[in-house]
Amino acid sequence: MGSDVSLQTSERTGIMTGTRVATRAGWCPIESVCAGTEVLTFDASFQEVRDVQRAPLWADEAPCPQHLWPLEVPAGVLGNRDALLLMPEQPIMIEIDAAEELFGDPFALIPVRALDGICGISRTAPELRAMVTSIRFDAEQIVFANSGAMFLCASAMDLLDVAMSDDAPDQEYTVLPMGAAQQLAALLGTAIQPEMPLNWPEPEKLAAHS
């Protein structure tokens, strides 16, 4: 069941309003996703969302502090159709040959802030009352967004539940520490050129290849 809560200063993850994710019903704005929605995942086809949390990025009357500002990705840099706003600590998946050479897998999860300064990616002041949504599944999942990003979404079980439960799901994914993430981001910046934004296929076609 979803709820509206205040975004904690240390919680700089989540998906910005307006981002569309792949669901059984097609590409849906994150603000329309609720518990029970089936969302396409990178490794496990369609999975049911168990919990949704929405919160204002910044609710104080004072200006939003810069360390909480999202990063703007210009159109085409990550294959995204339009300019994309990403929360600074949100883990996203990138694909780069150097990751396979270094870690044995061409796919790597990095915090978005590691991309700051790469190919025009930079922090931008959020709009007033900007909202952030976090979706959770039975286990950690990576979800597709037609903005051109793949987001890591957490398990619905909190850390205390995981510690006390014999049936807790394994933590499948590892986010690279900041140093390694920045190293890969720098290599990504030299490896890619901004390209024409992609027209992402419908979720059912993506699911057939995931």
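Each remark here, short or long, concerns the structure printed above.
I will try to describe carefully the structure that is included in this document. (Residues numbered from 1 in each chain as written. Predicted model: local features only at pLDDT ≥ 70, side-chain atom pairs only at ≥ 80, totals over all residues. Heavy atoms only, no water.)

1. Quick word on the pattern of salt bridges
Right, on to step 1. Inspection of the entire model under this criterion finds seven salt bridges.
Right, on to step 2. The partner of Arg24 in a salt bridge is Glu38, with the nearest N and O atoms 2.6 Å apart. Of this pair, Arg24 sits in the loop between strand 3 (20–23) and strand 4 (26–29) while Glu38 sits in strand 5 (residues 38–41), placing them 14 residues apart in sequence.
Right, on to step 3. Since its relative accessible area comes to 30%, Glu38 is described here as partly exposed.
Right, on to step 4. Through salt bridges with shared partners, one network takes in Arg12, Glu89 and Arg113. (Salt bridge = Lys/Arg side-chain N within 4 Å of Asp/Glu carboxyl O. Helix = DSSP H or I, 4+ residues; strand = E, 2+ residues; numbered from the N terminus. Buried < 20%, exposed > 50% of the residue type's maximum accessible area, 1.4 Å probe, protein only.)

2. Describing the packing of aromatic side chains
Right, on to step 1. A full pass over the atoms with the stated rule returns two aromatic pairs.
Right, on to step 2. Measuring from centroid to centroid gives 5.2 Å for Phe42 and Phe107, while their planes differ by 65 degrees, and the two rings are edge-to-face. Taken as a pair, Phe42 in the loop between strand 5 and strand 6 (45–48) and Phe107 in strand 11 (residues 107–111) lie far apart in primary sequence, 65 residues in all.
Right, on to step 3. With a centroid separation of 6.2 Å and an interplanar angle of 45 degrees, the aromatic rings of Phe42 and Phe144 are classed as tilted. With Phe42 in the loop between strand 5 and strand 6 and Phe144 in strand 14 (residues 141–144), the pair connects residues that are 102 residues apart, well separated along the chain. Grouping residues by exposure puts Phe42 and Phe144 together as buried.
Right, on to step 4. An aromatic cluster is built from Phe42, Phe107 and Phe144, whose rings are joined through pairwise contacts. (Phe/Tyr/Trp six-rings, centres within 6.5 Å; stacked < 30°, edge-to-face > 60°.)

3. Remarks on unusual backbone geometry
Right, on to step 1. Here the phi dihedral of Ser45 falls at roughly 55 degrees; this positive angle occurs in a residue that is not glycine.
Right, on to step 2. In this fold, Ser45 is placed in strand 6.
Right, on to step 3. Even without being a glycine, Arg129 presents a positive backbone phi close to 60 degrees.
Right, on to step 4. Here Arg129 is to be found in the loop between strand 12 (122–123) and strand 13 (131–136).
Right, on to step 5. The class for Arg129 is exposed, based on a relative accessible area of 70%.

4. A few points about the sheet that holds strand 9 (residues 84–86)
Right, on to step 1. Taking strand neighbours across the sheet as the criterion, the three strands line up as 9-8-12 in an open arrangement whose pairing is antiparallel. Since the sheet does not close on itself, it has two edges, and those belong to strand 9 and strand 12, each with one partner.
Right, on to step 2. In the sheet, strand 8 (residues 71–73) pairs with strand 9 via three bridges, with the strands oriented antiparallel. Bridging from a neighbouring strand, Leu71 pairs with Leu86 of strand 9. (Pairing = 2+ DSSP bridges.)

5. Some details on the environment of Asn80
Right, on to step 1. The topology assignment puts Asn80 in the loop between strand 8 and strand 9.
Right, on to step 2. Considering only alpha carbons, one finds Asn80 and Ala149, 69 residues apart in sequence, at a separation of 7.3 Å.
Right, on to step 3. Polar contacts involving the side chain of Asn80 include one to the main-chain carbonyl oxygen of Pro74, which spans 3.0 Å. (Polar contact = N/O pair within 3.5 Å; in protein donor to acceptor, adjacent residues only side chain to side chain.)

6. Re the nonpolar core
Right, on to step 1. Grouped together as the largest cluster of nonpolar side chains are 38 residues, with contacts concentrated most on Ile92, Ile94, Ile110, Ile135, Phe151 and Leu184.
Right, on to step 2. Those elements that place two or more of their residues in this core are strand 8, strand 9, strand 10 (91–95), helix 1 (97–103), strand 11, strand 15 (150–153) and helix 3 (178–191).
Right, on to step 3. With six residues, helix 3 is the largest single contributor of residues to this core.
Right, on to step 4. Other than its neighbours up to four places away in sequence, Ile110 contacts Gln90, Pro91, Ile92, Ile94, Leu115, Val175, Leu176 and Ala181.
Right, on to step 5. By size, the runner-up hydrophobic cluster in this structure holds 15 residues, among which are Ala22, Trp27, Phe144 and Tyr173. (Core = buried A, V, L, I, M, F, W, Y, C linked by side-chain atoms within 4.5 Å. Contact = heavy atoms within 4.5 Å.)

7. Here's the deal with a nonpolar patch on the surface
Right, on to step 1. On the surface, Leu102, Phe103 and Leu187 cluster together into a nonpolar patch covering about 260 Å² of accessible area.
Right, on to step 2. Mapped onto the secondary structure, Phe103 falls in helix 1. (Patch = residues over 30% accessible without salt bridge, like charges linked within 9 Å, V, L, I, M, F, W, Y side chains within 5 Å. Areas by Shrake-Rupley, 256 points an atom, 1.4 Å probe, with all protein chains shown as cover.)

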